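# A structural walkthrough
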Amino acid sequence: MKSFDYFAPTTIREAVDILAKYPDAKVLAGGTDLLVHMKLRVRTPDVILDVGRLSGADALTIDRKRGLTIGPAVTMRQVELSQAAWKTYAGFAQGASVVGSIQIRNLATVVGNVCNAAPSADVAPGLIALGAKVRIAGPKGRRSMQVENFMTGPGQTALQQGEFVTGIQVPVPAARTGSAFVRHTPRGAMDIAVVGVGASVTLAARTGACQAARIVMGAVAPTPIRAKKAERMLRGQRLSEELIAKAAEVASGEARPISDVRASADFRRELVRVLTKRMVTAAWEDAMSKTRSKRRAA
Amino acid sequence: MKQPIQLTVNGQVQEVLVEPRKTLLAVLRDQLQLTGTKEGCSTGDCGACTVLLDGKPVTSCLVLAVQAQGREVATVEGVANGTLHPIQKAMIDLLGFQCGFCTPGFIMSSVALLNRNPNPKEDEIRAALAGNLCRCTGYTKIVEAVKKAAREVRQQKGRKARKKQTRAA
């Protein structure tokens, strides 16, 4: 690798100052993307800003009001091993648990995966299905935005000069909300998603009808995208296998895949159809299991 | 510009002067002469460079040495403590290696697995080793070695627990 200067500040203020002083600095979290790029000399920063020593960087906490708080150094493995994350944010936990291998998951971070902004980012569909927000710090202060709007293209985000992501917040899901995620890969590990689908379903209290639904498709467009037409088909309706199958067909039409080494566009469209059906069903079942436990608790 | 770092390697505190661009793998091998950890791919795909960082298996080719400041590293050189670890013995007894290049990585991943789960099912073993590639063996004997090692680890734990009981009685 080319030589660089390395900073590992402990406060956000310090970090913002360093980014202001060195406009071409790159932020380092897990290093599983950045260091690979640097070894290949695809990226050759003169300055590295490590977010791993920021106060609270590796905190993964759940709060009844604020939901799930994910610090910038929280690893995929931390999420994978968090019962609390699986219980309430299954679609997100599932995405984190399939990245790479155990060794990679012990280094790779959730925030890094989102900031790397690959269209196939495994945590993105689940996070977007659950309405997650990125928290940003920069020279003009703090701001936050939906993960959905944060990823703007392959490898591109909405970060402005001098800004970096200080964490991700996933709100408390509405009552009776379930989520799920799956990706298709030829290998069982150490692979990149051919297609990923994340879904969330919220059931209405008395009728059990679908009050809200999100379907998020990964690796079939320049960024993870929502299948909004398919979502509208489900909203307000009583769910059924038939309806879900129809919505999955519509979602497949909303995908904009390319053909590449991993798959043809046609195969990707078919995968979207199949995986959307499975994930909406799984999210529905996850939501119903919460309804049942609510009744048991009552 | 070199930076002094302090890290604990196999229980011993080490102080080294490192360039920020040096990986933990490079420092272990070139500066600490612990050449048991191997460089297979440099990109975190093969697992030959697996070490335990604060007890967790990581690919050391993707860790900057400066990131290991103040942390604990375990390499294959520290796995035996007087006697071979059950996984090392099982790898030898069952011939879970041929050229041996991937073996240190497999040993570290297996040690981590047995530390967190001394009774793994076969699919759990394969999932735990998914980040370690072997070009020689076809994996069958490696998996069998882990199963054998797991039995030995459970037996050792049983003996230890019974000894404790006898002493307490």
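Everything that follows concerns the structure shown earlier in this document.
## Let's talk about empty space enclosed by the protein
Residues and elements named next belong to chain B.
- This model, assessed by the stated rule, comprises one cavity of 30 Å³ or more.
- As a volume, the largest cavity reaches approximately 30 Å³.
- Lining the largest cavity are Phe97, Gln98, Cys99, Gly100, Phe101, Cys102, Thr103, Cys134, Cys136 and Thr137.
- For the lining of the largest cavity, the residue count by class is six nonpolar, four polar and no charged.

## Considerations on the packing of aromatic side chains
- Taken as a whole, this structure holds two aromatic pairs over all chains when the rule is applied.
- Seen in terms of ring centroids, Phe7 of chain A and Tyr22 of chain A are 5.6 Å apart; in terms of plane orientation they differ by 25 degrees. Their pairing is stacked. Of this pair, Phe7 of chain A sits in strand S1 (residues 5-7) while Tyr22 of chain A sits in the loop between helix H1 (12-21) and strand S2 (26-28), and the two are 15 residues apart along the sequence.
- Among the residues examined, Phe7 of chain A registers a relative accessible area of 27% and is labelled partly exposed.
- The exposure class of Tyr22 of chain A is partly exposed, given its relative accessible area of 25%.
- Between Phe106 of chain B and Tyr139 of chain B, the ring centres sit 6.2 Å apart and the planes meet at 55 degrees, which makes this aromatic pair tilted. One end of the pair, Phe106 of chain B, is in helix H3 (residues 103-116); the other, Tyr139 of chain B, is in the loop between helix H4 (122-128) and helix H5 (140-168), with 33 residues separating them in the sequence.
- Judged by its relative accessible area of 28%, Tyr139 of chain B falls in the partly exposed class.

## Examining the packing of helix H2 (residues 86-93) of chain B against H3 of chain B
Residues and elements named next belong to chain B.
- Across the interface, H2 lies against H3 with an axial gap of 10 Å and an inter-helix angle of 135 degrees. Taken together, the axis directions place H2 and H3 in an arrangement best described as oblique. Handedness of the crossing formed by H2 with H3: right-handed. Between H2 and H3, the residues in contact are Ile87, Gln88 and Met91 and Thr103, Phe106, Ile107, Ser110 and Val111, respectively.

## Focus: the interface of chain A and chain B
- Across the contact, 24 residues belong to chain A and 31 residues belong to chain B.
- When the two sides are added together, the surface that chain A and chain B hide from each other amounts to roughly 2,100 Å², 59% of it contributed by carbon and sulfur.
- Contact with chain B buries surface across chain A, with Tyr6, Lys39 and Gln103 of chain A losing the most and accounting together for 27% of the total.
- Summed over the shared surface of chain A and chain B, the result is zero salt bridges.
- Where chain A meets chain B, there are 12 residue pairs in polar contact (both at pLDDT 80 or more).
- In the side of chain A that touches chain B, the residues fall into 12 nonpolar, seven polar and five charged.

## Side note on H1 of chain A
Residues and elements named next belong to chain A.
- By the burial criterion, the buried members of H1 are Ala15, Val16, Ile18 and Leu19. For H1, the buried positions fall inside an angular range of 160 degrees around the axis, keeping them on one side. Facing away from the buried side of H1 by over 90 degrees, the exposed positions are Arg13, Ala20 and Lys21.
- Residues of H1 that are buried sit in contact with S1, S2, strand S3 (47-50), strand S6 (133-138) and strand S10 (164-170).

## Here's the deal with the sheet that holds strand S3 (residues 50-53) of chain B
Residues and elements named next belong to chain B.
- The strand order across the open sheet built from five strands is S2-S1-S5-S3-S4, with neighbouring strands paired in mixed fashion. Here the strands that pair on one side only, and so sit at the sheet edges, are strand S2 (12-18) and strand S4 (56-59). Across the sheet, the axes of successive neighbouring strands diverge by a mean angle of 40 degrees, strand direction being ignored.
- Where strand S1 (residues 3-9) and strand S5 (residues 72-74) come together, two bridges link them in parallel fashion. Its bridge partner lying in S5, Val9 is registered against Val73.
- Across the sheet, helix H1 (residues 24-31) lies against S1, S2, S3 and S5, angled at about 105 degrees from S2, the strand it touches most.
- Sitting on the sheet, H3 is in contact with S3, S4 and S5, with an inclination near 35 degrees to S3.

## Details of a positive patch on the surface
Residue and element names in this part refer to chain B.
- Judged by side-chain charge, Lys157, Lys160, Lys163, Lys164 and Arg167 come together as a positively charged surface patch.
- Secondary-structure assignment places Lys160 in helix H5.
- Under the relative-accessibility criterion, Lys160 is labelled exposed at 65%.

## Considerations on the pairing of S2 of chain B
All names here are of chain B.
- When S1 meets S2, the two strands line up antiparallel, connected through seven bridges. Each residue of the ladder has a partner; that of Thr8, found in S2, is Val13.
- In this structure, the hairpin formed by S1 and S2 is closed by a connection of two residues, where Asn10 is found at a positive phi of approximately 50 degrees.

Reading guide: rules and limits
Residues numbered from 1 in each chain as written. Chains lettered and ligands numbered in written order. Predicted model: local features only at pLDDT ≥ 70, side-chain atom pairs only at ≥ 80, totals over all residues. Heavy atoms only, no water. 1 Å grid on protein atoms, 1.4 Å probe; cavity = no way out; pocket = protein on both sides within 12 Å on 5 of 7 lines; lining within 4 Å. Points joined across faces, edges and corners; volume = space filled by probe spheres on them. Nonpolar A, V, L, I, M, F, W, Y, C, P; charged D, E, K, R; others polar. Phe/Tyr/Trp six-rings, centres within 6.5 Å; stacked < 30°, edge-to-face > 60°. Helix = DSSP H or I, 4+ residues; strand = E, 2+ residues; numbered from the N terminus. Buried < 20%, exposed > 50% of the residue type's maximum accessible area, 1.4 Å probe, protein only. Axes fitted to C-alpha atoms, helices over the stretch in contact; angles between N-to-C directions. Parallel < 35°, antiparallel > 145°, perpendicular 65-115°, else oblique. Left-handed = near helix turned anticlockwise from the far one by under 90°. Contact = heavy atoms within 4.5 Å. Buried area = accessible area lost by both parts, 1.4 Å probe. Salt bridge = Lys/Arg side-chain N within 4 Å of Asp/Glu carboxyl O. Polar contact = N/O pair within 3.5 Å; in protein donor to acceptor, adjacent residues only side chain to side chain. Arc of directions from axis to C-beta. Pairing = 2+ DSSP bridges. Patch = residues over 30% accessible without salt bridge, like charges linked within 9 Å, V, L, I, M, F, W, Y side chains within 5 Å. Areas by Shrake-Rupley, 256 points an atom, 1.4 Å probe, with all protein chains shown as cover. Lys, Arg positive; Asp, Glu negative; His and termini not counted. Charge placed at Lys NZ, Arg CZ, Asp CG, Glu CD.

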